[in-house]
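Spelled out from the first residue to the last, the chains are:
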Amino acid sequence: MILPFRADNCSIERTLEVVGEKWTFLVLREAFRGVRRFADMQAATGAPRQVLSARLARLVEEGLLRKEPYREPGQRQRDEYRLTDKGRDLYPLLVALMHWGDKYLADDDGPPVLLTHRDCGAPIELHLLCAEGHEVPGPRQVTALPGSGARLQSA
């Protein structure tokens, strides 16, 4: 059954308005790798200067990154970009995108990067769980119900 939700109140759409663009995801990828400075971010992503500047400004405005000033000896003050809690909460999304790309788009040689648990060395896996701790293997095991912010379409 398809619930008659209005499209103007969709969390997926709202999220995509913030992060749904290639350069934004590449900036976030690098931020999760610990890249903090503009020049390093530009070198790692290949983003044109104006594009990178705009994406960083938007991520700061949206609260996913915060600026922290630094100064190299003899240089003017500049800003580093660091993930906020809100930005770090996107990590599972980036891992899910990476795993999907590894499964369907990787070269014949396999995935270019493997994520492992720092403590034990085991590969990282993503799993959906319900609040009771049961694994949810796919969309056929999920029921969409109206949430407290649902706006149903009028007939």
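This structure is a prediction, so every number in the text was calculated from the model and none was measured.

S.K.: Teacher, can you tell me more about the overall build of the protein chain here?
M.R.: Counting its secondary structure elements, the protein chain contains six helices and two strands. Ordering the α and β elements of the protein chain from the N terminus gives α-α-α-α-β-β-α-α. Principal-axis analysis of the C-alpha atoms gives the protein chain an extent of 65 × 40 × 30 Å. A total of 155 residues make up the protein chain; the buried ones form 22% of that total. Here the protein chain has roughly 11,800 Å² of accessible surface; of this, 52% comes from carbon and sulfur atoms. The protein chain carries 22 positive and 22 negative side-chain charges, and their two centres are separated by 7 Å.

S.K.: Can you help me understand the packing of helix α3 (residues 38-45) against helix α4 (residues 49-61) in this one?
M.R.: Helices that pack against each other are described as a pair by the angle of their axes relative to one another and the distance between those axes. Viewed as axis vectors pointing N to C, α3 and α4 meet at an angle of 115°, and their least axial separation amounts to 10 Å. Seen along the crossing, α3 lies across α4 with a hand that is right-handed. In contact with F38, M41 and Q42 of α3, α4 contributes R49, L52, S53 and L56. Among the residues making up the contact of α3 with α4, the classes are represented as four nonpolar, two polar and one charged.

S.K.: Teacher, can you tell me more about the UniProt feature "domain: HTH hxlR-type" (unreviewed entry) in the protein chain here?
M.R.: Within the UniProt annotation, "domain: HTH hxlR-type" (unreviewed entry) is assigned to residues 10-109. For residues 10-109, helix accounts for 59% and strand for 12%, while the C-alpha atoms at its two ends are 38 Å apart.

S.K.: Is there a simple way to think about the nonpolar core in this case?
M.R.: In terms of nonpolar packing, the biggest core is built from 20 residues, with V27, L28, L52, L56 and L65 touching the most fellow members. Per-element accounting of this core gives the leading share, five residues, to helix α2 (residues 22-32). For L28, the residues in contact, after removing those within four places along its chain, are V19, L59, L83, L90 and L94.

S.K.: Sorry, what's going on with the packing of aromatic side chains here?
M.R.: Ring pairs (aromatic) are described by centroid distance and by the angle formed between their planes. What the rule picks out here adds up to two aromatic pairs. Aromatic pair F32 and Y91: ring centres 4.9 Å apart, planes at 55°, arrangement tilted. Pair noted here: F32 is in helix α2 and Y91 is in helix α6 (residues 91-104), with a separation of 59 residues, a long-range link. Given a relative accessible area of 35%, Y91 falls into the partly exposed group. Between W100 and Y104 the ring centres are 5.2 Å apart and the planes differ by 45°, which places this aromatic pair in the tilted class. One end of the pair is W100 and the other is Y104, both in helix α6 and four residues apart, which spans about a single turn. Here the basic side chain of R37 rests over the ring of Y70, its NZ or CZ set 3.8 Å away from the ring centre.

S.K.: What is the right way to read the side chain of E30 from this model?
M.R.: Along the chain, E30 turns up in helix α2. Polar contacts involving the side chain of E30 include one to the side chain of R29, which spans 2.6 Å. When residues no more than four places from it in sequence are discounted, the contact partners of E30 are V35, M41, A44 and T45.

S.K.: Sorry if this is basic, but what is going on with the layout of surface pockets here?
M.R.: Once rolled over the atoms, a probe with the size of a water molecule shows which space is left empty. Put simply, the largest pocket is a space of about 460 Å³. Every residue lining the largest pocket is counted, 14 residues in all, and those nearest its centre are R29, R33, L94, M98 and V113. The set of elements that each furnish at least two residues to the lining of the largest pocket consists of α2 and α6. Looking at the lining of the largest pocket, the element that brings in the most residues is α6, giving six residues. For the lining of the largest pocket, the per-class residue count stands at eleven nonpolar, no polar and three charged.

Procedures and definitions
- What you see as residue numbers is a count from 1 along each chain, following the sequence as written.
- Per-residue local features are limited, in this predicted model, to residues with pLDDT of at least 70; the limit for side-chain atom pairs, both in listing and counting, is 80 or more; totals at the level of whole chains, interfaces and linings are taken over all residues.
- Only hydrogens and water are set aside; all other atoms, that is, all heavy atoms of the structure, feed into the side-chain values.
- By the criteria applied, helices consist of DSSP H or I runs no shorter than four residues and strands consist of E runs no shorter than two, each listed in order from the N terminus.
- A 1.4 Å probe rolled over the protein chains alone gives each residue an accessible area, and that area as a share of the maximum for its type sets the label: buried under 20%, exposed over 50%, partly exposed in between.
- Here the open area of atoms and residues is found with the Shrake-Rupley method and a 1.4 Å probe, where only the protein chains shown may cover a residue.
- For the charge count, each Lys or Arg is scored as positive and each Asp or Glu as negative, with His and the chain ends excluded.
- All charge positions are set by atom: Lys at NZ, Arg at CZ, Asp at CG, Glu at CD.
- Helix axes are fitted to C-alpha atoms over the stretch in contact, other axes to C-alpha atoms as well, and angles between N-to-C directions run from 0 to 180 degrees.
- Helix crossings fall into two classes, left-handed where the near helix is turned counterclockwise from the far one by less than a right angle and right-handed where it is turned clockwise.
- Should any heavy atoms of two residues lie within 4.5 Å, those residues are considered in contact.
- Asp, Glu, Lys and Arg are counted as charged, while Ala, Val, Leu, Ile, Met, Phe, Trp, Tyr, Cys and Pro are counted as nonpolar; the rest, among them Gly, fall into the polar class.
- UniProt positions are given in the numbering used here, feature names are shortened, and annotations may be inferred rather than shown by experiment.
- Residues grouped as a nonpolar core are buried Ala, Val, Leu, Ile, Met, Phe, Trp, Tyr and Cys residues, joined through side-chain atoms within 4.5 Å.
- The aromatic pairing rule takes the rings of Phe, Tyr and Trp, using the six-membered ring of Trp, and pairs them if the centres are within 6.5 Å, calling planes under 30 degrees apart stacked, those over 60 edge-to-face and the rest tilted.
- Criterion for a charge above a ring: Lys NZ or Arg CZ within 6 Å of the ring centre, and within 35 degrees of the ring normal.
- Pairs of N or O atoms within 3.5 Å make up the polar contacts considered here, provided that, within protein, one atom can donate a hydrogen while the other can accept it, and that residues adjacent in sequence are counted only when both atoms are side-chain atoms.
- Lining residues are those with an atom within 4 Å of a point, where the points come from a 1 Å grid over the protein atoms alone and group into cavities, where a 1.4 Å probe fits but cannot get out, or pockets, open sets with protein on both sides within 12 Å along at least five of seven lines.
- Grid points are joined across faces, edges and corners, and a volume is the space filled by probe spheres set on the points.

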